[in-house]
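# Structural overview for review
Next come the chains, spelled out residue by residue.
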Amino acid sequence: MANVGLFRGTEPLESVNVTFRLPYYTQWGQSLLVCGSEALLGSWNVKKGLLLSPVHQGDELVWYGTIAVPKGFRCEYSYYVVDDDKNILRWEMGKKRPLSLPRGIRHPEVVELHDLWQTGADALSSRSAFKDVIFRKSWSLTVERPLEVIENKFDQEGSILVHFKICCPYIEENTSQIYVIGSSSNLGQWKVQNGLKLSYSGESVWHADCVLQKVFLFLDGCSTYKYCKYSSGENFTVETGPNRDLSLESSKAQPRCIVVSDGMLREMPWRGAGVAIPMFSVRSEDDLGVGEFIDLKLLVDWAVESGFHLVQLLPMNDTSVHGMWWDSYPYSSLSVFALHPLYLRVQALSENIPEDVKLEIQEAKEKLDGKDVGYEAVMSSKLSIAKKVFSQEKDIILNSQLFQKFFSENEDWLKPYAAFCFLRDFFETSDHSQWGRFSYYSKDKLEKLVSRDTLQYDVICFHYYIQFHLHLQLSEAADYARSKGVVLKGDLPIGVDRNSVDTWVYPNLFRMNTSTGAPPDYFDKNGQNWGFPTYNWEEMSKDNFGWWRARLTQMAKYFTAYRIDHILGFFRIWELPEHAMTGLVGKFRPSIPLSQEELENEGIWDFNRLSQPYIRQKFLQDKFGAYWTSIASNFLNEYEKNCYEFKEDCNTEKKIASKLKTISGRSLLESEDKIRRDLFDLLQNIVLIRDPEDARKFHPRFNLEDSSSFHDLDDHSKNILKKFYYDYYFHRQENLWRQNALKTLPVLLNSSDMLACGEDLGLIPSCVHPVMQELGLIGLRIQRMPSEPGLEFGIPSQYNYMTVCAPSCHDCSTLRAWWEEDEERRKRYFKTMVGSDTLPPRQCLPDIAYFIIKQHVEAPSMWAIFPLQDLLALKDEYTTRPATEETINDPTNPKHYWRYRVHVTMESLIKDKELIGIIKDVVRGSGRLHSENETQQQQQQLIHQVANANGVGTNFNVDPLAVR
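Residues numbered from 1 in each chain as written. Predicted model: local features only at pLDDT ≥ 70, side-chain atom pairs only at ≥ 80, totals over all residues. Heavy atoms only, no water.

This part covers the environment of Ala817. Looking at the element boundaries, Ala817 is found in helix H23 (residues 815–821). Since its relative accessible area comes to 4%, Ala817 is described here as buried. Sequence spacing of Ala817 and Tyr329 is 488 residues, and the spatial spacing of their C-alpha atoms is 22 Å. (Helix = DSSP H or I, 4+ residues; strand = E, 2+ residues; numbered from the N terminus. Buried < 20%, exposed > 50% of the residue type's maximum accessible area, 1.4 Å probe, protein only.)

So, in structure tokens, the structure goes:
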């Protein structure tokens, strides 16, 4: 027989009333709803959840709702913001809330749940970067009393049982207890020695219950209180902020029990510092021409010595698409799951390496120890050595329990990866469209390719073997970082290579006729074209973004934090046709295009004129001078007098580039690069881009006012098109982009417990920062790329807490190079940021680097992360190399060689106590130092200062009545 008490609308025979209470401001047309795991609360179907009703209480809008539940009822629940049709507009972050009725509650008594909306920032303490690394000692405390256990009894008439809960993720070694102190006698009347002592229940949650007299509560209207930490030195620190209130004013029925979930204990926010360097740039005494996973242990040791909590890396997935130095580009993944053989420590493959192979390793070490990474030579040497070791011990390794465990946990991606590598080498191309019957992936074909009885089985197993050892070596380094209290931060690329394992196995997840890039911005005034296919989000959503969830799960094996590359792409991506080579003439996906009807309504009619390259004879003469007729005869047709159009065989950028190669040197007297740029300019001389999926829809070309096609229009058309342009790029899409991000980003965040940081640089829609704040995503602030309008340089002291701040990053010049490359900008910076009209030094002296780094260290940002090159600028000894050689990437060059190596070994940096002392000096006093004892002392001082500023004494024996 069905338990009718489990269905809404039917009151259980022995029921208890549960009232939900949550203060939350909504906008017109929005409501608050609670939904949970049991049928009474909708079984996670928000449409069937419990709608709450608003009540104004002073300056707050408080939402209430009551439901009858059976005795012993348990469930999980969360709050949602919905519209009038119960469509979800917003949901709270963090873990689901547990609901467990206290024992002793009887029919028809009321349990009132006083909750606070859980923000993304509130949930950060449960991320592995904090839980398993920064606050690992706090999270390992012994559980004193589980949450369900209530100490007091319901046997006092005229009383209310109040159950206090608070989350306190950071407990210093000398902190022995958490207390609640407040105005009632049960809470010590603000005397901590008489306050309510809390017990630890696990997962950073502390709780306690006490009995308060209803008379006291109803006479005063509320009871005020605060939480505080008590340390072994008979000192206590009271949380910051206003007093908390326990209010009963709007309760329709007097509750028998109030469960107060107070969110986070309010204290000075934790801040940390870190170092950023690509794996390939690290140099050690044992590497073979490139940084290797094992070298991370040295980097971690140096980070700890220097007072840092974090090491940030670039992507480390296999990029072996072309078999040449182009593969040095770390964001163009061959596989989003496989690690790059570049980072293998071949000496660690076996304890029994033959003497001749050891000699080969030593010769390779000497040969490859260059100023920069020699990508092709390093890969060739490592794979050659690894094959020799593999041939000796393959049977032992492949039959070992450790390998078998690795294989069973990773075979879903490992088999396709190994098969892809074999086919790539067999066909001598990664372009899987050229693989004949293997062009189309199927599981049956895969199983035959990797079968034990095939001739290529040893080749397949070699790729298994390499990935197994890469996994062991990176896992060893990751475990070491955790044990040292250092967060290892990885990087999640926005795209995958067009010719990759992922596009071969999952072609339906990608729009293979398109290319990903970015519109013109700080990095490149002409836009960027990365060459990756864009994502088919609609197809990805069918299995709740399983491919993305698998990526994040794989990353979480090694990293406790990650950077989301180009997070703007999860709101909208800059999509270009596959035949484009540059990044200017693209459109956003998703987007709401301009319809032909709305343009016609404003008097815009000539769509061919606006959407086709506008080429006139005078443009050709201006660009090509005396050679314009030769250019015209090769590339253009004259369809009217002095009016030209591109020929069919050169009407795209790739066609132009291809044709130029066939005629260069024969009939063209100017350089091929200049001609190509000028022809591309002509091809891009349009005002509207016709939508490839609907010929009656259009997208304004980015920076359309810069085109001569626009200049030659009449004033009316110019004004109308400018109006449409600004609406299209800055208003029209905002709600669509917000909705798109809220479909995809929460899936990423919930796929692992890593701490997520978003790279939000470039052309930033206004919806981006509110969504990131809502989801608890940490943004990025680079001083030379301020997000605030009207500023040339960001002001670190004004940065938001939920940010990473840095003076530079891998996509721009280093601090030294930036300082030295532009004299006028250097003067403006010196005047604006230093406040001096004197002539600044031409070179970035250590004092300049110290000043800029200290600015960032003292910023409110959660993290201050510095490229290693910028930290080396603190000491003259490390500034002898030309600053321009320290740049990692040039975003304006799609074929940039990623090869920078630090010119000093990590072993030498660890021994350089002078540099370490300088770094610790600039970090000391900011609350960011890694040393736990120093950090605790600094945080105690900061908290005491705040407490004293609020008039709250911090000595155990002082009566803190002033807290009110």
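A word on the packing of aromatic side chains. Both the distance between ring centres and the angle between the ring planes are used here to describe each pair of aromatic rings. Per the counting criterion, the structure on display carries 65 aromatic pairs. Between Phe793 and Trp818 the ring centres are 6.1 Å apart and the planes differ by 85 degrees, which places this aromatic pair in the edge-to-face class. Taken together, the residues span a long stretch of sequence, with Phe793 in the loop between strand S36 (779–782) and strand S37 (803–806) and Trp818 in helix H23 at a distance of 25 residues. Through a chain of ring-to-ring contacts, the aromatic side chains of Trp574, Phe588, Phe702, Tyr725, Tyr726, Tyr728, Tyr729, Phe730 and Trp737 assemble into a single cluster. Over the ring of Trp44 we find Lys96; its NZ or CZ atom is 4.7 Å from the centre of that ring. The aromatic ring of Trp326 is capped on one face by Lys895, whose charged end is 3.6 Å from the ring centroid. (Phe/Tyr/Trp six-rings, centres within 6.5 Å; stacked < 30°, edge-to-face > 60°. Lys NZ or Arg CZ within 6 Å of the ring centre and 35° of its normal.)

A few words on the sheet that holds strand S5 (residues 60–70). Through backbone hydrogen bonds, the strands of a sheet pair up, either in parallel or in antiparallel fashion. Pairing is mixed across the open sheet formed by 8 strands, whose spatial order is S4-S5-S1-S9-S18-S10-S14-S13. Looking at which strands have only one partner, the edges of the open sheet turn out to be strand S4 (53–57) and strand S13 (199–202). Adjacent strand axes in the sheet meet at a mean angle of 25 degrees when their direction is disregarded. (Pairing = 2+ DSSP bridges. Axes fitted to C-alpha atoms, helices over the stretch in contact; angles between N-to-C directions.)

Turning to the domain arrangement of the protein, a few remarks are in order. Examined at the domain level, the protein breaks down into domain 1 (12–118), domain 2 (119–266), domain 3 (273–512), domain 4 (580–722) and domain 5 (760–943). Contact with domain 1, which involves 24 residues of that partner, is made by 25 residues of domain 2. Surface buried jointly by domain 1 and domain 2 totals about 1,900 Å² across both partners, of which 56% is contributed by carbon and sulfur atoms. The largest contributions to the domain 1 side of the interface with domain 2 come from Val110, Glu112 and His114, which together make up 28% of the buried area. In this structure, the salt-bridge partner of Lys95 is Glu203, at a minimum N-O distance of 3.1 Å. Our count for the domain 1 to domain 2 interface comes out at 9 residue pairs in polar contact (both at pLDDT 80 or more). Contributing elements (two or more residues each) for the side of domain 1 that touches domain 2: S4, strand S8 (97–100) and strand S9 (110–114). For the side of domain 1 that touches domain 2, the class distribution of residues is 10 nonpolar, 6 polar and 8 charged. (Domains from an automatic or database assignment. Contact = heavy atoms within 4.5 Å. Buried area = accessible area lost by both parts, 1.4 Å probe. Salt bridge = Lys/Arg side-chain N within 4 Å of Asp/Glu carboxyl O. Polar contact = N/O pair within 3.5 Å; in protein donor to acceptor, adjacent residues only side chain to side chain. Nonpolar A, V, L, I, M, F, W, Y, C, P; charged D, E, K, R; others polar.)

Moving on to empty space enclosed by the protein. All chains considered together, the criterion is met by 9 cavities of 30 Å³ or more. Volume-wise, the largest cavity comes out at about 280 Å³. What lines the largest cavity is a set of 25 residues, among which Ala276, Gln312, Arg563, Cys809 and His810 lie closest to the centre. Contributing elements (two or more residues each) for the lining of the largest cavity: strand S21 (487–492), strand S35 (755–758), S36, S37 and strand S38 (863–867). A class-by-class count of the residues in the lining of the largest cavity yields 15 nonpolar, 5 polar and 5 charged. (1 Å grid on protein atoms, 1.4 Å probe; cavity = no way out; pocket = protein on both sides within 12 Å on 5 of 7 lines; lining within 4 Å. Points joined across faces, edges and corners; volume = space filled by probe spheres on them.)

According to the stated counting rule, one finds 63 salt bridges in the structure shown. We note a salt bridge from Glu239 to Arg244, for which the minimum N-O separation is 2.8 Å. According to the relative accessible area criterion, Arg244 is buried, its value standing at 8%. Ionic contacts of the salt-bridge type, sharing partners, join the residues Glu239, Arg244, Asp262 and Arg266 into one network.

With respect to the helices and strands, Ser500 occurs in the loop between S21 and helix H10 (501–505). Measuring from C-alpha to C-alpha, the distance between Ser500 and Asp287 comes to 28 Å, with 213 residues separating the pair along the chain. For Ser500, the residues in contact, after removing those within four places along its chain, are Ser333, Leu334, Phe420 and His432. Among the polar contacts made by the side chain of Ser500, one reaches the main-chain carbonyl oxygen of Asp497 at a distance of 2.9 Å.

Orientation of helix H7 (residues 401–427) relative to helix H9 (residues 457–483), taken along the N-to-C sense of each, is 130 degrees, at an axis distance of 8 Å. What the angle tells us is that H7 and H9 run oblique. Seen from above, H7 lies across H9 with right-handed handedness. In the contact of H7 with H9, the residues fall into 16 nonpolar, 3 polar and 2 charged. (Parallel < 35°, antiparallel > 145°, perpendicular 65-115°, else oblique. Left-handed = near helix turned anticlockwise from the far one by under 90°.)

This part is about the environment of Gln612. Position of Gln612 among the secondary structure elements: in the loop between helix H14 (607–611) and strand S30 (615–616). It is 18 Å that separates the C-alpha atoms of Gln612 and Met581, two residues lying 31 residues apart in sequence. The residues contacting Gln612, other than those within four sequence positions of it, are Asn685 and Ile686.

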